[in-house]
Amino acid sequence: MDEAGPSPSVYYRVFAALAVLLALTVGLAFVDLGRFNTAAALSVAWLKAVLVVLYFMHVRYGKRLIALTAAAGLVWLAIMLGLTLCDYMTRDWLGPR
Amino acid sequence: MTTQAVPPDMASDQPALAHHFDDLAQQRAAASFGMWLFLASEIMFFGGLFTIYAVYRNLNPEVFGHESRHLDIVLGTVNTAVLLTSSLSVAMAVHAAHHNRRKALLLLLGATVALGSAFLVIKGIEYSHKLDDGLFPPTAATHPAEPVVQGSKLFYGLYFAMTGVHALHMAIGIGVMLWLMLLAARAPHVRARATPIENAGLYWHLVDVIWIFLFPLLYLIDRNG
């Protein structure tokens, strides 16, 4: 049944991947990557989130409308984060006034 | 003209078809779509907190990194593993519901409740340590041995706000899972109740995804050197 989602073996494999990624997250935190520590941690977190959304939440197996709705949520989040940070991160660009 | 759903046929393993849908497939799709719209609103809800975090961390990078080391990385990692396992059990529970396996469903929902509760207990232990250190309420928000600096109150305020709201969502999720167990125990065919079980599962997965981001952003800011 398409609506029932994938077989349990897919879930187990995704879980194994998530466990490995968790170990990677923690391991990388103790390695000095300088400015890239945050980017690395967030990249791994994104990978985990994508796995959960696609496989555990069945987005990979469902209708496109669902994928669109999930993507829309992320777009709105990106607008909020992006525009807010555009403001704050450029506050000292104009120099002393 | 009645606005009630057609009463379910107790011998059927399909849910009742509400009158405003053409067929069960459309009904299922509408339920899923509605749930995802709610999840999008939840993403924006937590997104507001993440935005505040992003701004204040940007303004106080060293302090945030320093205070982050005071969080218990072991308990945080264990909690992350607990939540990931609970997402697995929820996914398997939904699978059991679709295949009409009541006992497996009840066991897996029970496992989810147990794992979620374990998460909250561990969180409670972490909070009690913070209370002992005098960090809550975050008024004198840094460790007693250290002077209060600009940004440390912000970090702990965000820590308690973000993990606290997350824990509230976990508690609600556990309540929903318990309700689903009641549903699963009473329904003539659990397959007929697959839709609410699946949608509650979506909520649970989202709360897990939020923690997936909370963990590195709060606990792992600056753990090297």
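See the structure printed just above.
Let me begin by describing the structure that accompanies this report.

Rules and cut-offs
Residues numbered from 1 in each chain as written. Chains lettered and ligands numbered in written order. Predicted model: local features only at pLDDT ≥ 70, side-chain atom pairs only at ≥ 80, totals over all residues. Heavy atoms only, no water. Helix = DSSP H or I, 4+ residues; strand = E, 2+ residues; numbered from the N terminus. Rg over C-alpha atoms; globule rule 2.2 N^0.38 Å. Buried < 20%, exposed > 50% of the residue type's maximum accessible area, 1.4 Å probe, protein only. Contact = heavy atoms within 4.5 Å. Axes fitted to C-alpha atoms, helices over the stretch in contact; angles between N-to-C directions. Parallel < 35°, antiparallel > 145°, perpendicular 65-115°, else oblique. Left-handed = near helix turned anticlockwise from the far one by under 90°. Nonpolar A, V, L, I, M, F, W, Y, C, P; charged D, E, K, R; others polar. Polar contact = N/O pair within 3.5 Å; in protein donor to acceptor, adjacent residues only side chain to side chain. Salt bridge = Lys/Arg side-chain N within 4 Å of Asp/Glu carboxyl O. Phe/Tyr/Trp six-rings, centres within 6.5 Å; stacked < 30°, edge-to-face > 60°. Lys NZ or Arg CZ within 6 Å of the ring centre and 35° of its normal. Expected span 1.5 Å × (residues − 1).

## Structural notes on the overall build of chain A
Broken down by element type, chain A carries 3 helices and 0 strands. Whereas a compact globule of 97 residues would reach a radius of gyration of roughly 13 Å, chain A reaches 18 Å, over 25% beyond that. When each of the 97 residues of chain A is scored for burial, the buried share is 33%. When contacts within chain A are restricted to residue pairs at least 6 apart in sequence, long-range pairs at least 24 apart make up 59% of them.

## Focus on the packing of helix α3 (residues 64-89) of chain A against helix α1 (residues 24-59) of chain B
Any two packed helices are characterised by the angle at which their axes cross and by the distance between the axes. Where α3(A) contacts α1(B), the two axes come as close as 9 Å, and the packing angle between them is 20°. With respect to their mutual orientation, α3(A) and α1(B) come out roughly parallel. Both α3(A) and α1(B) take part in a crossing whose hand is right-handed. Looking at the contact of α3(A) with α1(B) residue by residue, the class counts come to 19 nonpolar, 8 polar and no charged.

## Topic: the side chain of B:Ser89
Residue and element names in this part refer to chain B. Structurally, Ser-89 is set in helix α3 (residues 73-98). Judged by its relative accessible area of 6%, Ser-89 is buried. Polar side-chain contacts of Ser-89 include one of 2.8 Å to the backbone oxygen of Ser-86. A polar contact of 2.8 Å, which involves the side chain of Ser-89, links it to the side chain of Thr-112. Other than its neighbours up to four places away in sequence, Ser-89 contacts Leu-108, Ala-111, Thr-112 and Leu-115.

## Quick look at the interface of chain A and chain B
Put simply, an interface is often sized by how much accessible area is lost when its parts join up. Facing the 45 residues of chain A at the interface are 47 residues of chain B. Applying the counting rule to chain A against chain B returns 0 salt bridges. The interface formed by chain A and chain B holds 3 residue pairs in polar contact (both at pLDDT 80 or more) in total. Broken down by secondary-structure element, the contributors of at least two residues to the side of chain A that touches chain B are α1 (8-29), α2 (36-56) and α3 of chain A. The greatest single-element share of the side of chain A that touches chain B, amounting to 13 residues, is contributed by α3(A).

## What about the packing of aromatic side chains?
For the structure on display, the rule yields 15 aromatic pairs over all chains. When the ring of B:Phe45 is compared with that of B:Phe46, the centres are 5.5 Å apart and the planes differ by 90°; the resulting orientation is edge-to-face. Note on B:Tyr159 and B:Tyr219: the rings are 6.3 Å apart at their centroids and 75° apart in plane angle, and the pair reads as edge-to-face. In this pair, B:Tyr159 sits in helix α5 (residues 152-186) while B:Tyr219 sits in helix α6 (residues 194-219), placing the two residues 60 residues apart along the sequence. By the ring-pair criterion, three or more aromatic residues cluster together here, those being B:Phe119, B:Tyr127, B:Tyr159, B:Phe160, B:Trp211, B:Phe215 and B:Tyr219. Over the ring of A:Phe36 we find A:Arg35; its NZ or CZ atom is 5.6 Å from the centre of that ring.

## Points about unusual backbone geometry
In this structure, A:His58 takes a positive phi of about 65° despite not being glycine. By the secondary structure assignment, A:His58 is in the loop between α2 and α3. With a phi angle near 60°, B:Asn100 is a residue other than glycine that sits in the positive phi range. Secondary-structure assignment places B:Asn100 in the loop between α3 and α4 (102-132). Judged by relative accessible area, B:Asn100 falls into the partly exposed class, the value being 27%.

## Description of α6(B)
Taking 1.5 Å of rise per residue, the 26 residues of α6(B) would be expected to cover 38 Å, and the 37 Å separating its terminal C-alpha atoms lies within 8% of that figure. Judged by how many residues are buried, α6(B) sits mostly within the fold: 24 of 26 residues are covered.

## Things to note about the pattern of salt bridges
All names here are of chain B. Going through the model one piece at a time under the given rule, you end up with 4 salt bridges over all chains. Of the charged contacts, one joins Asp-222 and Arg-69 as a salt bridge, the two residues approaching to 3.1 Å between their closest N and O atoms. Placement of Asp-222 in the segment after α6 and of Arg-69 in the loop between α2 (61-68) and α3 is noted, with a sequence separation of 153 residues between them. When the shortest N-O distance is used, the salt bridge between Glu-126 and Lys-123 registers 3.1 Å. Of this pair, Glu-126 and Lys-123 both sit in helix α4, 3 residues apart, roughly one helical turn. The same class applies to Glu-126 and to Lys-123, which are both buried.

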